[in-house]
Amino acid sequence: MKIKLLSSVLYTFVLTSALFAEAITGKVISIADGDTVTIINNSQQTKIRLAEIDTPEKNQPYGKKAKQALSDFIFNREVEVEVVTIDRYGRTVGKIFLDNQNINREMVKAGHAWVYVKYAKDKTLFVLEKNAKENQLGLWALPEGERIPPWQWRKNRRQSK
């Protein structure tokens, strides 16, 4: 009985791990904002949310610049996405790579994104963010009152409705 249960648990773990260890490739055909893109592969479109980072919303200070920065990195380029999970909105959440360059990290490194502390597992992101902040790169050059983390900005907007 114990062996059967153990093999069932192990089988489930392997299936779940395989699902989230998946990598997909595709050409970036759309940039929704600084942390969400759409890729296409074999006529199938997939919306990708960049894992572990969060960028200003479109109507937030620096929102359009973050979107443009992501576009400059990867629009119309073939990328590989290391799938992390599927979020509650049905988007694939992942790490995007262009020629082995981690674009999620590059967005933080250049000051275009915050580390999304609630979901961050990559400790390198915190070092990159600290450096961008110290050097006032990207959004870190904004006046302090305009540097509102997007998760806080969204929460404030929900509360004011």
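Report follows, based on the coordinates. Fair warning: this is a prediction, and the values are worked out from it, not measured in the lab.

A few words on the nonpolar core. Counting residues in hydrophobic clusters, the biggest one holds 24 residues, and the most contacted among them are Val-37, Ile-39, Leu-70, Ile-74, Val-79, Ile-96 and Ile-103. Of all the secondary-structure elements, those providing two or more residues to this core are β1 (23-33), β2 (36-41), β3 (44-50), α2 (63-74), β5 (78-86), β6 (92-98), α3 (103-109) and α4 (124-134). If near-sequence neighbours (up to four positions away) are discounted, Ile-39 is found in contact with Ile-24, Thr-25, Gly-26, Lys-27, Val-28, Ile-29, Gln-44, Gln-45, Thr-46, Ile-48, Val-79 and Val-81. Listed in part, the seven residues of the second largest apolar core include Tyr-62, Trp-114, Trp-140 and Leu-142.

Within the structure shown, the criterion is met by nine salt bridges. When the shortest N-O distance is used, the salt bridge between Arg-91 and Asp-87 registers 2.6 Å. Asp-87 carries the same exposure label as Arg-91, and that label is buried. A salt bridge links Glu-134 to Lys-130; the nearest nitrogen and oxygen atoms lie 2.9 Å apart. Here Lys-130 and Glu-134 lie together in helix α4, a separation of four residues that amounts to about one turn. A single burial state applies to Glu-134 and to Lys-130, both of which are exposed. Counted as one network, the salt bridges with shared partners bring together Asp-35, Arg-49, Asp-54, Glu-57 and Arg-154.

Before going further, it helps to spend a moment on the environment of Lys-95. Within the secondary structure layout, Lys-95 lies in strand β6. Sequence spacing of Lys-95 and Val-84 is eleven residues, and the spatial spacing of their C-alpha atoms is 7.3 Å. Leave out the neighbours within four places in its chain, and Lys-95 touches Ala-51, Glu-52, Glu-80, Val-81, Glu-82, Val-84, Asn-102 and Asn-104.

Positive phi, normally seen in glycine, also occurs at Asn-76, with a value near 70°. Within the fold, Asn-76 resides in the loop between α2 and β5. If you check the backbone angles, Gln-136 has positive phi at about 50° while not being a glycine. Structurally, Gln-136 is set in the loop between α4 and α5 (150-160).

Rules behind the numbers
- Numbering of residues begins from 1 in every chain and follows the order in which that chain's sequence is written.
- In keeping with the model being predicted, local features are shown solely for residues with a pLDDT of at least 70 and side-chain atom pairs are shown and tallied solely at 80 or more, while totals for entire chains, interfaces and linings include all residues.
- Neither water nor hydrogens contribute to the side-chain values; these are computed over all heavy atoms in the structure.
- Definition of nonpolar core: a set of buried residues of the types Ala, Val, Leu, Ile, Met, Phe, Trp, Tyr and Cys, connected through side-chain atoms within 4.5 Å.
- Only protein chains enter the accessibility calculation, which uses a 1.4 Å probe; a residue whose area is less than 20% of its type maximum is buried, one above 50% is exposed, and one in between is partly exposed.
- In this description a helix means any DSSP run of H or I spanning at least four residues, a strand means any run of E spanning at least two, and both kinds are numbered starting from the N terminus.
- Whether two residues touch is decided by their heavy atoms; if any such pair falls within 4.5 Å, the residues are in contact.
- Any carboxyl oxygen of Asp or Glu within 4 Å of a side-chain nitrogen of Lys or Arg constitutes a salt bridge here.

Interpretation note: all reported values are geometric properties and have no functional meaning in isolation.
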